Each structure stands twice: as structure tokens, then as C-alpha cells.
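# Structural features, examined
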Amino acid sequence: MLQDTERTLTFTKPLEQIPETSLSGSVLVLIQFDICEEIRLDHLREIVGTRTLEQISFKHQAPGYVRYQRPPVVEPIEPLVLESGEKLRGEIKYYDYGVLSVVFELPFSGDWDTLVKLGSRWVWDVDFEKHASRIARKCLEQAGPALVKPYKDWLSEDYFIFHVREVAGSPSAAELVETQGARIAQIVRGENATLSDGERNEVLQARISYYPNDLTVIGWNGAFIYDTAAGAETAIQLLEYANSQLLEFRHYDELLTRELDGVYKFLDKGTGLRTRWKLARAATKLHTVLLDVAELTEHADNAIKFLSDMFSARLYKLAAARVGVPDYKDLVQEKLKAAEDLYRFMVDQFHQSRAFVLELMVVVILIIDLIFLFRGK
């Protein structure tokens, strides 16, 4: 988590006037961009002097091999000042599989209703992606040599994490859901209006706790965490990782869609001999894309291992399901299968065309031999 910012957002009523609803924590905004196929982290450290992110601190003792395969490196960035005057401290994280994550943080203290309004305003009214893109492109002017095959256009994902460290009375997770479940659901959804009972229950179904006094509720565009700073670190990093996975699979989905569209258009030109003869080049290109996607997918999918920490594995599985990672992963797998079938079809068509040409050449040679034979030569 980021260090304390220079300015803390303080709500209108003094804490001592609302002890029954007072709370404190911080709001984190994650803006992630898919910028290239790979980032050479070792080269990046030499260029910009970034530091390596410490390995995830699990809520309970876990073996040392439950870690990032290659931890991202971190670079501090200039504070972001919004039009409202709020000043957010930030940092950039570089992941080796080509994702850049911009993280903004603003500490707060106040009551539940004001946190609900803050969440709604930030989710819908503040264009954090515009600010993050500007900062990221500026940083990459120096870090560019560490990028492998940079993309011209970037896909992006944003996510909001509302981390509450302290609540008056120190309620348990069950008590917090019982008394403030409606507001927690609003915060996760980024809604200012009260949600229906069905929607509130749907949001609160995606909750998980390790101890009686911690709570994580995960939604598709935001999450609520009630925990200490150290305890919340695991959930925050896994939420960030899940969103980076979503970004990567979105990229693979779009890449395969473009390649398949190109193959279908090529095949629509007909199945004549000339077209079939060109299938070898098209099939080779498609097969190269298949291998690249398979390699990159495995690279990104295995960036974190959960060999024995079952709680963190369940937390990640819940986060991934909520933000949509399995859905996009299934789409990618389906398109990979379709591309493999097309590749085999194109290779078969090419082999048939080559066999036809070879047979034709044999016939022509035989005819020429017969002509010379009958002429007595």
C-alpha cells in the first residue's frame, strides 16, 4: 500500500460528534494498461532505478514459494491533484507480462454516508484513466527501451478499493454486514442511491473473511476491505493481479478475433488452386499467433502461484470470478480451438493442392515423354 499522502480527506462532522459511525481508511484507484508483450524488469531497473515490490505478505505464515514468479517493480510518481482539491499520492507498477498499473491513494476519515458519496463520485464522475494515461506515457518516455513489442493502442481497466482500517466499536465482520451491509453494497457498486434487497444480497454474497474481524467484499468494478493495513495487503495485491489478468485475456481475445476475421476473409475469396497455394503462408502466420498467445497466456496465468496458501487462492478465485477473468479466459480458449481447427483445415487444403500440382506435373512429363517417343526421338 502507498505511504500516507500529504493531505487527508476529512469529512464535515468532527469524529467525536459521530462516534457510532466514524471510520477511517483509504481509497485506492487502480488504473491498468496493457502496453506491450513483455517488460524486461532487469533492464527497467537499470534505466529508472525502480524498486522491486515486496512479496505478498499473507495473513498467516505461508511457505516462501507462495510468491510472485517475478515480482513487479515500483516507481513513485507525482501526486495527482483533482479539481476538488483532493491530492492523491501515486505509484506505477510494472509487470513482466506487459501490464503497467497506476495506483492512486487518498486517506480518509469520516462517516458511512460520506464514504458512499465519495465512492459514487469517484467511480462515475472523475476520469482517472485520462490522468493515469498521461502520467504513464510520460514515465515510459524514459522506460521505453525495456518494453518488448510495445502496442500503439492500449487496453485499460480501472478498479476501486475502499479500505476501512478502523470502525468505531471495532465490530466483527458479521456485525458489520448486519448493520452496514446496505452501505457496503452501495460502496462496492459505486451507487449513491440505496440498492434493492436482491442487488444488495448479490453483492454481499461475494464476501470472504479469514478472521472474525476482517471482511472483503468484491464486485466487478470495486471492492470493500475491512482490515488492518498489513492484513489488507494480500487482498489489495490479489485484486490488482486479477484485474491485470482480465486485461491480458481481453487483449488475447481481441488479437484472436482480428486474426480469425482475417483468415475468414481470406477463405471467402474462394478455394481455387491459386488461393489454396497461398494457404501455406496464411497457415504459418496463424500458427505463429497461436504459439505466441499460448506462451503469453501461460506467462501471465502463472505469474502467481498458490501452492499451499488456500485462503489466498480462494480470495483470488473469488476476485477473478467477480471481475470476469474466467469468462474472458473461456473466450480465448474457444477462439484458440477455432484457430487450431482452421489451421489444420488450411494445411490440409494446401497439401491437397500440392498433391494435385505434383500429380499434374507427373502427367505432363508423361505426355511429353509419349510425344517424343511417338516422334522417334
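This text goes with the structure placed above it.
Here is a short report on the structure shown in this document. Here the structure is a predicted model, which is why all the values come from computation and not from measurement. Counting from 1, residues in each chain are numbered in the order their sequence is written. A pLDDT threshold of at least 70 governs which residues receive local features in this predicted model, and a stricter bar of 80 or more applies before side-chain atom pairs are shown or counted, although totals over entire chains, interfaces and linings include all residues. Only hydrogens and water are set aside when side-chain values are computed; all heavy atoms of the structure are taken into account.

Next up on the list: helix H4 (residues 173–189). Taking 1.5 Å as the rise per residue, H4 with 17 residues should run 24 Å; its terminal C-alpha atoms sit only 19 Å apart, a clear shortfall. One axis is fitted to the seven residues ending at the residue and one to the seven starting there. The bend at that residue is the angle between these axes. Helix and strand definitions here come from DSSP, where helices need a minimum of 4 consecutive H or I residues and strands a minimum of 2 consecutive E residues; each element is numbered from the N-terminal end. Of all the bends in H4, the greatest measures close to 85° and is centred on Gln180. Note on classification: 1.4 Å probe, protein chains only; a residue is buried when its accessible area is under 20% of the maximum for its type, exposed when over 50%, partly exposed between these limits. Among the residues making up H4, those that are buried are Ala173, Leu176, Val177, Gln180, Gly181, Ile184, Ala185, Gln186, Ile187, Val188 and Arg189. Those residues of H4 hidden inside the fold are in contact with helix H2 (112–125), strand S7 (147–167), helix H5 (197–205), strand S8 (207–208), strand S9 (215–218) and strand S10 (222–226). Count one or two residues on from H4 and you reach Gly190, which has phi positive near 70°. One less than the residue count of a helix, multiplied by 1.5 Å, gives the span that helix is expected to have. Here, two residues are considered to be in contact whenever any of their heavy atoms come within 4.5 Å of each other.

Turning next to unusual backbone geometry. Non-glycine residue Lys149 carries a positive phi angle of around 50°. The topology assignment puts Lys149 in strand S7. Located in the positive-phi region is Ser170, a residue other than glycine, with phi close to 45°.

On to helix H1 (residues 41–48), then. Buried within H1 are the following residues: Leu41, Leu44 and Val48. Buried positions in H1, seen along its axis, are confined to an arc of 50° and lie on one side of it. Residues of H1 that are buried make contact with strand S2 (23–39), strand S4 (73–81), strand S5 (87–94) and helix H3 (128–143). Of the residues one or two after H1, Gly49 is the one with positive phi, at around 65°. Arc definition: it is the arc formed by the directions from the helix axis to the C-beta atoms.

Here is the key point about a regular strand: its side chains alternate between the two faces of the sheet. Most of S5 is tucked away: 6 of the 8 residues are buried. Bridge count between S4 and S5: 7 bridges; the pairing is antiparallel. Within S5, the residue paired with Ile77 across the bridge is Gly90. In this description, strands pair whenever DSSP reports at least two bridges between them. Where S5 lies against strand S6 (residues 99–110), 6 bridges are found, and the strand directions are antiparallel. Residue Gly90 lies in a different strand from S6, and its bridge partner there is Phe104. Connecting S5 to the next strand, S6, in antiparallel fashion are 4 residues, including Gly98 with a positive phi near 95°.

Glancing now at the packing of H4 against H5. For the pair H4 and H5, interaxial distance at closest approach is 9 Å and the crossing angle is 90°. Here H5 runs roughly perpendicular to H4, going by the angle between their axes. For the pair formed by H4 and H5, the contact residues are Val177, Gly181, Ala182, Ile184, Ala185, Val188 and Arg189 on the first element and Glu199, Arg200, Glu202, Val203 and Leu204 on the second. Residue classes follow a fixed rule: Ala, Val, Leu, Ile, Met, Phe, Trp, Tyr, Cys and Pro count as nonpolar, while Asp, Glu, Lys and Arg count as charged, and any other residue, Gly among them, counts as polar. Here the contact of H4 with H5 is built from residues that sort into 7 nonpolar, 1 polar and 4 charged. In this analysis, axes come from line fits to C-alpha atoms, helices being fitted only over the stretch in contact, and the angle between any two N-to-C directions falls in the range 0 to 180 degrees. Working rule for angles: under 35 degrees goes down as roughly parallel, over 145 as roughly antiparallel, 65 to 115 as roughly perpendicular, anything else as oblique.

Let's shift gears to the pattern of salt bridges. In the sections that follow, a salt bridge refers to a side-chain nitrogen of Lys or Arg positioned within 4 Å of a carboxyl oxygen of Asp or Glu. Across all of its chains, the model carries 12 salt bridges by this definition. Arg189 serves as the salt-bridge partner of Glu199, at 2.7 Å between the closest nitrogen and oxygen. Taken together, the residues Glu199 in helix H5 and Arg189 in helix H4 connect sequence positions 10 residues apart. In this structure Arg189 comes out as buried when scored by relative accessible area, which is 13%. For Arg189, the salt bridge goes to Glu202, with nearest N and O atoms at 2.7 Å. With Arg189 in helix H4 and Glu202 in helix H5, this pair connects stretches of sequence that are 13 residues apart. For Glu202, a relative accessible area of 28% corresponds to the partly exposed category.

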